[in-house]
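Geometric and topological summary
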Amino acid sequence: MAPTSKVVRSPTQRSGGAGELFQLLRDGRPQTRADLAARTGQARSTIAARVEQLLASGLVTPTGESASTGGRPPTTFVFNPAARLVVAVDLGALHGHVAITDLAANVLAERSEPLPINNGPDDVLGWVARTGLDLLAQSGRSLTEVVGVGVGLPGPVNHETGRLTNPPIMPGWDDYDVPVRLSAVFRTSVLVDNDVNIMALGEYHMAWRNVDHLLFVKIATGIGAGIINDGRLSRGAQGAAGDLGHVAVAGREDVPCRCGNAGCLEAVASGQAIAQSLREQGLDVPGSDEVVAAVRAGSLLAGQTVRQAGRDIGGVLATCVSLLNPAVIVLGGVVAEAGEYLLAGIREVVYRRSLPLATQHLRIVSSQAKGRAGIVGASIMVTDHVLSPTAVEALLA
Ligand SMILES: [Zn+2]
């Protein structure tokens, strides 16, 4: 099947089947048969038959009776997110996070552990399989209730095939077939995307559904962006859109990058780069977590170094603002937890280097979803696919 992941449901098309009727109920508001007939223009008898189909599937459930002006009060119906489950997986460079969610991305059970992605696919996906099955058992739910698995990976992913292409920090993963490996365990379809894309989806779903244009920037071991454009995730032709880590920062050509080039954004402003710069200045910080800890502990040196990284990131984001005109830029990833120092550096350059029209209402903020953006986004990626009109028709048939 051709996976698609839209942030918002597609507009109701005209064939008018039960799958499309279901889209009208997905917002979670209870509705009567008469409401649905009025909204679709379909006959009451047609609506009644389709509601019966949806009730039988469990995707829709009766919620009681609505107020009536006389006679028998009409029954209302509502989307039932508890009907099925999603296994949501967020894999970073150094951590693994698996969750069982319902169809509205509510987390029912979750586990997060340190897990280096460079352990390779057998080890990492073995942990995902064991943890997913374990969490299902813990929640007292069964494998047959799972409608899909969504996975975010910290590298360049071809979303159509679920395979990685030359991931720089992931030895053994190049061209590895993640969907085949995990569908053998969970016996359902598996969708894979870049970790930053699913974080953008998660942040959008949890905090920003009122805006149509959002740029999510992850600043951690790597630096990347997920682009929500017109309410949809924008992946580009090969799925590489938003890969900002290796954009050149002017004047920093002296800094070599692991990609073979020099002066890349990641080489000067990632968590590792900040940590290295602080070590050279005599501060004992092994990695991103310790950088954040040093800033929080009040180290002026750490604060200033993070702020300079913010300025370097801001220079690249100013170009993104001119190109995409987002309404909001959300900063996520471990380094974003350094808070105001990073925000200040980024804001300083973005507002100075972008035209007033583009920044007039632009907001630059820290992630609200924080550690859950990835798993919520992975769940949304799956439900946008399995609850689409055609997929629901197929499920009912
Ligand atoms: Zn590079």
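Reference entry: report on the structure contained in this document. (Residues numbered from 1 in each chain as written. Predicted model: local features only at pLDDT ≥ 70, side-chain atom pairs only at ≥ 80, totals over all residues. Heavy atoms only, no water.)

Some thoughts on unusual backbone geometry
- If you check the backbone angles, aspartate 230 has positive phi at about 55° while not being a glycine.
- In this fold, aspartate 230 is placed in the loop between strand 12 (223-229) and strand 13 (232-234).
- Unusually for a residue other than glycine, asparagine 325 sits at a positive phi of about 50°.
- Along the chain, asparagine 325 falls in the loop between helix 10 (300-324) and strand 14 (328-332). (Helix = DSSP H or I, 4+ residues; strand = E, 2+ residues; numbered from the N terminus.)

Some points on the coordination of the zinc ion
- Around the zinc ion, the donor atoms from the protein are His246 (ND1), Cys257 (SG), Cys259 (SG) and Cys264 (SG), and they sit 2.0 to 2.3 Å away.
- Seen from the zinc ion, its 4 donor atoms lie at angles of 105 to 119°, and the figure they make is tetrahedral.
- Mapping the donors of the zinc ion onto the primary sequence gives the spacing H-x10-C-x1-C-x4-C. Considered together, cysteine 257 and cysteine 264 belong to a single accessibility category, that of buried residues. (Donors = N, O, S within 2.8 Å, 3.2 Å for Na, K, Ca; no water. Tetrahedral: all angles 85-135°; square planar, octahedral: opposite > 155°, others 65-115°. Buried < 20%, exposed > 50% of the residue type's maximum accessible area, 1.4 Å probe, protein only.)

A short note on the packing of helix 10 against helix 11 (residues 340-353)
- Where helix 10 contacts helix 11, the two axes come as close as 6 Å, and the packing angle between them is 35°. Both helix 10 and helix 11 take part in a crossing whose hand is right-handed. Within the contact between the two elements, helix 10 uses Gly303, Gln304, Val306, Arg307, Gly310, Arg311, Ile313, Gly314, Gly315, Leu317, Ala318 and Val321 and helix 11 uses Tyr341, Leu342, Ala344, Gly345, Ile346, Glu348, Val349, Val350 and Arg353.
- Looking at the contact of helix 10 with helix 11, its residues break down into 11 nonpolar, 6 polar and 4 charged. (Axes fitted to C-alpha atoms, helices over the stretch in contact; angles between N-to-C directions. Left-handed = near helix turned anticlockwise from the far one by under 90°. Contact = heavy atoms within 4.5 Å. Nonpolar A, V, L, I, M, F, W, Y, C, P; charged D, E, K, R; others polar.)

Observations concerning the sheet that holds strand 14
- A sheet is described by the order of its strands in space; here 5 strands give the open sequence 13-12-11-14-15, paired in mixed fashion. Looking along the sheet, the strands with just one partner apiece sit at the ends: strand 13 and strand 15 (363-366). On average, adjacent strands in this sheet sit at an angle of 25° to one another, irrespective of strand direction.
- Here strand 12 pairs with strand 13 via 3 bridges, running antiparallel. Counterpart to asparagine 229 in the pairing with strand 13 is arginine 232.
- Taken strand by strand, helix 11 contacts strand 11 (214-219), strand 14 and strand 15, and its axis lies near 165° from that of strand 15. (Pairing = 2+ DSSP bridges.)

Description of the nonpolar core
- Counting residues in hydrophobic clusters, the biggest one holds 43 residues, and the most contacted among them are Leu317 and Leu331.
- Mapped by element, the contributors of at least two residues to this core are strand 11, strand 12, helix 7 (265-269), helix 8 (271-280), helix 9 (288-296), helix 10, strand 14 and helix 11.
- At 8 residues, the largest contribution of residues to this core is made by helix 10.
- With sequence-adjacent residues up to four places away left out, leucine 317 is seen in contact with Leu215, Val217, Leu244, Ile329, Ile346 and Val350.
- Membership of the second largest hydrophobic core comes to 34 residues, among which are Val124, Trp127, Leu182 and Val185. (Core = buried A, V, L, I, M, F, W, Y, C linked by side-chain atoms within 4.5 Å.)

Let's talk about the packing of helix 1 (residues 18-25) against helix 14 (residues 389-396)
- At a minimum axis distance of 7 Å, the contact between helix 1 and helix 14 shows a crossing angle of 120°. Considering their axes alone, helix 1 and helix 14 lie oblique with respect to each other. As for how helix 1 packs across helix 14, the hand of that crossing is right-handed. The residues of helix 14 that touch helix 1, namely those facing Ala18, Gly19, Glu20, Phe22 and Gln23, are Pro389, Val392, Glu393 and Leu396. (Parallel < 35°, antiparallel > 145°, perpendicular 65-115°, else oblique.)

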